[in-house]
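Descriptive structure summary
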Amino acid sequence: MKQEYTITVYTENHIGLLVRIATIFSRRKINVESMNTSPSEAEGIHRFTIVIDETEEVVRKLARQIEKQVEVLKAYYNSNEEIIWQELALYKVPTAQIAEKVKVERLLREHGARAVVIRNDYVVFETVGHREETDRLVQVLAPYGLIEFVRSARVAIIKDSKGFHEKLREFEQSEPKAELVENEYLNQQKEIFTM
Amino acid sequence: MPSVQATPAAPSNTTQSTSISGSRAVLDALVAEGVDTIFGYPGGAIMPIYDALYDYHDRLKHVLVRHEQGGIHAAQGYARASGRTGVVFATSGPGATNLVTGLADAMIDSTPLVAITGQVFAHLLGTDAFQETDVINITSPITKWNYQVTDATEIPTVLAKAFYIASSGRPGPVLIDITKNAQLQLFDYKGYELCQHVRSYRPKPIVRREYIDAAAQLINAAQKPFVIFGQGVILGKAENEFIQFIEKSGIPAAWTILGLSAIPTDHPLNVGMLGMHGNYGPNVLTNECDVLIAVGMRFDDRVTGRLDKYAKQAKIIHLDIDPSEIDKNVKATVGVWGDCKETLPLLTQLVEKKEHSNWLQRFKEHDAEENKEVTFNELHPESPVLTMGEVIRHLNEITGGDAIIVTDVGQHQMVTCRYARFNQSKSNITSGGLGTMGFSLPAAIGAKFGAPKRTVIAIIGDGGVQMTLQELGTIMQTEINIKILILNNQFLGMVRQWQQLFHDKRYSFVDIVSPDYVKLASAYGISGASISQREDLHAALQTMIDHNGSYLLEVMVGKENNVFPMVPQGCSVSEIRLK
């Protein structure tokens, strides 16, 4: 069964790695719903957050292909139940509409929107939340002359993750300890095997 | 251009530093990595490296090929024959793009290579400069790793990393693109250090004993165990460990096309070849065995046929060094992730000494049937025209199985792999995964440089030979001794066979005309002959082998002979056809 999965990839910060990761999906004609790159909790380590809609089997194989890349330290994949995630959305609305219609202000308040910029001609609001939430506000604002809408990629925290500091130290050893060499055949599904 | 000193670079492990150019650092790295031969072709953007090479001729042999594709296939042949990393040089732009087919071939066949390409000056990157092409992005999906150097100070560490990555774990091609300014740049050189660790890269894991235990239990309980092995055994230099494993456990073993020659052909437990044109027994009995033990192979579709009807009755044990291969195509009951040089001995310790004589007998029965229906007639035909099989039979008689055989792609490749005999590992060199026509001639040149003491025979069809025959010029210039055996059926035979069997004999653009190969060879100063009569065959092959120097022999074979057995595409391995 296809469902949303979030793939979290810890990598070296190298030029060209983005293409290598992107082609793992495009080669298999898999659509990437969103992709975010950012620093991670560990210094010098980059973190990719990729959302795709696929079966667990496909996602598991993709995660292994990603981990196979020389500059990837680790790839995890999680269902939505296993993560906390947010997306940021920006909405540009004509100021006249907001000023005239009290209802608009109430709607924005209900959706937790915050004004980022206020000008004579337009106001930019932001919301943070899940896709359904940010999408809902688009529906709501459409009748009031929504000028522009943009949404960021997903960023996600893995509920069970202990962070990457410990792992990184392990990677830096040229001879890893046996107990830290994970393997999925030990049923440690939450911690996809590597090393 | 900086002046290039003829004195050798500072040896490794010294703290003393000297100022040298990026180009010299490249060549010093090659010397330190033990490289003895480079295949390449110069051009504008790699000229500083070639200029430096002028002073390294006593330490590095450079083979000037006639096309960069020939260069990279030669480096592949060198790597496959020697077990060491092949090196190829090319210039930017078209030089680099001509490497693409070879990189893809080396990637899918796990061949350790380091390709070094020149690139335009760093300040010209992205300006559509003369002979600029985005080689890093073009080659990303077909290299294990690639990197662009724009600053010479990076060269020693990047090259050390390149050689380490290319040859460790599951080997593969690495491409290093070096801008011209970095080649020219003088920098403070502190010597070369081999790379032994890259923190984001684990070439092999620590072997987990619990999976060895689980695998051994399955094997010990099996009534009809069957081993299938691939190139992993050769790449892992685990031929002896593999033989000890099958000999103790008494399990019949069949090979993939790239696993061929890992064990001697006449080993009593060798039951033949897997896959589309493999042997009858190994294919049929894949769907009858109770435990299937896959060693260093990747369940390619040409091996498995229809996946949902592949070994469904069997428990599967999969030994591989690349974790992404385990469960990729065939779900493993027990996946043993590791280097088979380490995992096989552990498994051998735990398996019981057995003889599966009744089970082995089943393979022999199938073999007898295949012999009656296919093999005997192919090797001892009564038809007036020669068959490819009888050519290989006579060649076996002459070489005794001691030669390196480099095949191209198509019918002659399947026939050769089916019937050629091998006594030692790394003797079968062919383009397996990518199926690159034109591979054989340049790869045979490389193989000869990689194993100069051995007889190297390129066996090529009349299609493939015309794809890279410019490399006759390389043979002429280097004066190496390789044997070129063209099996000419005047067709693109494998495509014609499919058109006959699956497209109502609509022979669409498969009748290919050949030049006079003997005259062509003669133009390059290579002796040769062409024969079409059975009574000439043995003597002609003997002349080819005995000739002092390269020799081209064209054998005219039956035009419309087919390769059988055959697992038709989309069919199960047990639906293999004998005719």
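What counts as what
- Residues numbered from 1 in each chain as written.
- Chains lettered and ligands numbered in written order.
- Predicted model: local features only at pLDDT ≥ 70, side-chain atom pairs only at ≥ 80, totals over all residues.
- Helix = DSSP H or I, 4+ residues; strand = E, 2+ residues; numbered from the N terminus.
- Buried ≥ 20, exposed ≤ 12 C-beta atoms within 10 Å, placed from the backbone.
- Contact = placed C-beta atoms within 7 Å.
- Pairing = 2+ DSSP bridges.
- Core = buried A, V, L, I, M, F, W, Y, C linked by C-beta atoms within 7 Å.
- Nonpolar A, V, L, I, M, F, W, Y, C, P; charged D, E, K, R; others polar.
- Axes fitted to C-alpha atoms, helices over the stretch in contact; angles between N-to-C directions.
- Domains from an automatic or database assignment.
- Parallel < 35°, antiparallel > 145°, perpendicular 65-115°, else oblique.
- Left-handed = near helix turned anticlockwise from the far one by under 90°.
- pLDDT = per-residue confidence, 0-100.
- Expected span 1.5 Å × (residues − 1).

**With respect to the overall build of chain B**
Broken down by element type, chain B carries 22 helices and 20 strands. Across the 579 residues in chain B, those meeting the buried criterion constitute 56%. A separation of at least 24 residues holds for 77% of the contacts in chain B among residues at least 6 apart in sequence.

**Here's the deal with the overall build of chain A**
Each helix and strand in chain A was counted, giving six helices and nine strands. The burial tally for chain A puts 31% of its 195 residues in the buried class. For chain A, the proportion of contacts with a sequence separation of at least 24, taken over those separated by at least 6, is 72%.

**A few points about the sheet that holds strand S15 (residues 404–407) of chain B**
Residue and element names in this part refer to chain B. Across the sheet, which stays open at both edges, the six strands sit in the order S16-S15-S17-S18-S20-S19 with parallel pairing between neighbours. The open sheet has two free edges, formed respectively by strand S16 (428–429) and strand S19 (527–531), since each of these has just one partner strand. Looking at chain direction, S19 and strand S20 (residues 551–556) are connected through five bridges and run parallel. The residue bridging Ile 531 from the neighbouring strand is Val 555, located in S20.

**A few points about the nonpolar core**
Counting 182 residues, the largest nonpolar core has Ile176(B), Phe242(B) and Ile317(B) as its most contacted members. Here this core takes nine residues from helix H7 (residues 155–167) of chain B, the largest share from any one element. Apart from the residues lying within four places of it in its own chain, the contact partners of Ile317(B) are Ala215(B), Leu218(B), Val291(B), Ile293(B), Ala294(B), Ala332(B), Thr333(B), Val334(B) and Val336(B). Among the nonpolar cores identified, the runner-up in size contains 23 residues, and Ile7(A), Tyr10(A), Ile21(A) and Ile24(A) belong to it.

**Points about the environment of Lys237(B)**
Residues and elements named next belong to chain B. Along the polypeptide, Lys 237 turns up in the loop between helix H10 (232–235) and helix H11 (239–249). By C-beta crowding, Lys 237 is classed as partly exposed, having 14 other C-beta atoms within 10 Å. Considering only alpha carbons, one finds Lys 237 and Asn 137, 100 residues apart in sequence, at a separation of 33 Å. Discounting residues that sit within four places of it in the chain, Lys 237 has contacts with Gly 83 and Lys 341.

**What about the interface of chain A and chain B?**
Contacts between the two partners involve 25 residues from chain A and, on the opposite side, 23 residues from chain B. Only helix H1 (17–26), helix H2 (56–68), strand S4 (72–79) and helix H6 (165–172) of chain A provide two or more residues apiece to the side of chain A that touches chain B. With four residues, H2(A) is the single largest residue contributor to the side of chain A that touches chain B. Its residues assigned to classes, the side of chain A that touches chain B shows eleven nonpolar, six polar and eight charged.

**Let's talk about the sheet that holds strand S6 (residues 145–149) of chain B**
Residues and elements named next belong to chain B. In spatial order, the strands read S3-S2-S4-S5-S7-S6; together these six strands make up an open sheet with parallel pairing. Unpaired on one side and paired on the other, strand S3 (61–64) and S6 mark the two borders of the sheet. Here the average twist between neighbouring strands, direction ignored, is 20°. Examined bridge by bridge, strand S5 (residues 113–119) and strand S7 (residues 173–179) share seven bridges and lie parallel to one another. Within the sheet, the bridge partner assigned to Gln 119 lies in S7 and is Thr 179.

**Thoughts on the domain arrangement of chain B**
Accessible area lost during the coming together of the parts is what is often quoted as the interface size. Residues and elements named next belong to chain B. Assigned domains within chain B: domain 1 (18–189), domain 2 (209–362) and domain 3 (386–560). Using only C-alpha atoms to locate each centre, domain 2 and domain 3 end up separated by 31 Å. If you look at the interface, domain 2 gives twelve residues, while domain 3 gives 15 residues. Within the side of domain 2 that touches domain 3, the residues separate by chemical class into seven nonpolar, three polar and two charged.

**Some details on helix H18 (residues 440–450) of chain B**
One full turn of an α-helix is made of 3.6 residues, so residues set three or four places apart face in the same direction. Across the eleven residues that make up H18(B), a large majority, eleven, are buried. Taken as a whole, H18(B) has its buried residues at Ser440(B), Leu441(B), Pro442(B), Ala443(B), Ala444(B), Ile445(B), Gly446(B), Ala447(B), Lys448(B), Phe449(B) and Gly450(B).

**Some words on the packing of H11(B) against helix H14 (residues 340–350) of chain B**
Residues and elements named next belong to chain B. Following both chains from N to C, one finds H11 and H14 inclined at 25°, their axes separated by 9 Å at the closest point. Classified by the interaxial angle, the pair formed by H11 and H14 is roughly parallel. Here H11 runs over H14; the crossing is left-handed. Of H14, the residues touching H11 (which contributes Glu 241, Phe 242, Gln 244, Phe 245 and Lys 248) are Cys 340, Lys 341, Leu 344, Pro 345, Leu 347 and Thr 348. When its residues are assigned to classes, the contact of H11 with H14 shows six nonpolar, two polar and three charged.

**What to know about the confidence of the model for chain A**
Confidence in the prediction of chain A, expressed as mean pLDDT, is 87, and 89% of residues score 70 or more. Considering only residues more than four positions removed or in separate chains, one finds that residues 183–195 of chain A, a stretch of pLDDT under 50, has 26 contacts.

**What to know about the packing of helix H16 (residues 388–399) of chain B against helix H17 (residues 411–419) of chain B**
Residue and element names in this part refer to chain B. Contact geometry for H16 and H17: axes closest at 9 Å, N-to-C directions at 45°. Between H16 and H17, the angle is such that the two are oblique. When you trace H16 past H17, the crossing you get is right-handed. Across the interface between the two elements, Met 388, Gly 389, Ile 392 and Arg 393 of H16 pack against Gln 411, His 412, Val 415, Thr 416 and Tyr 419 of H17. The residue inventory of the contact of H16 with H17, partitioned by class, reads four nonpolar, four polar and one charged.

**Examining the domain arrangement of chain A**
Partitioning chain A into structural domains gives domain 1 (3–83 + 155–186) and domain 2 (85–151). The centre of domain 1 of chain A, based on its C-alpha atoms, is set 33 Å off from the matching centre of domain 2 of chain A.

**As for the confidence of the model for chain B**
Detailed reading of the predicted model is not advised wherever pLDDT is low. Taken as a whole, chain B shows an average pLDDT of 96; of its residues, 97% reach a score of 70 or greater. Ignoring residues within four places in sequence, the model shows residues 1–12 of chain B, a span with pLDDT below 50, making 25 contacts including any to other chains.

**Quick look at the environment of Ala89(A)**
Residues and elements named next belong to chain A. Note that Ala 89 resides in strand S5 (residues 83–94). Here Ala 89 falls in the buried class, since 21 other C-beta atoms lie within 10 Å of it. Here the alpha-carbon distance between Ala 89 and Pro 39, two residues 50 residues apart in the chain, equals 21 Å. In this structure Ala 89 touches Glu 126, Thr 127, Thr 134, Phe 149, Val 150 and Arg 151, once residues within four positions along its chain are discounted.

**Here we look at H2(A)**
In this model H2(A) runs 18 Å from its N-terminal to its C-terminal C-alpha over 13 residues, within 8% of the 18 Å that 1.5 Å per residue would give. Looking at the packing, one finds that the buried side of H2(A) touches strand S1 (3–12), H1, strand S3 (45–54) and S4 of chain A.

**Brief notes about unusual backbone geometry**
With omega at 0°, the peptide bond leading from Phe564(B) into Pro565(B) counts as cis. Mapped onto the secondary structure, Pro565(B) falls in the segment after S20. Phi angles above zero are rare outside glycine, and Lys29(A) is one such case at about 55°. Along the chain, the position of Lys29(A) falls in the loop between H1 and strand S2 (34–39). Take Lys29(A): there are 6 C-beta atoms within 10 Å of it, and that puts it in the exposed class. A positive phi angle, close to 50°, is found at Ala311(B), a residue other than glycine. With 25 C-beta atoms packed within 10 Å, Ala311(B) lands in the buried category.

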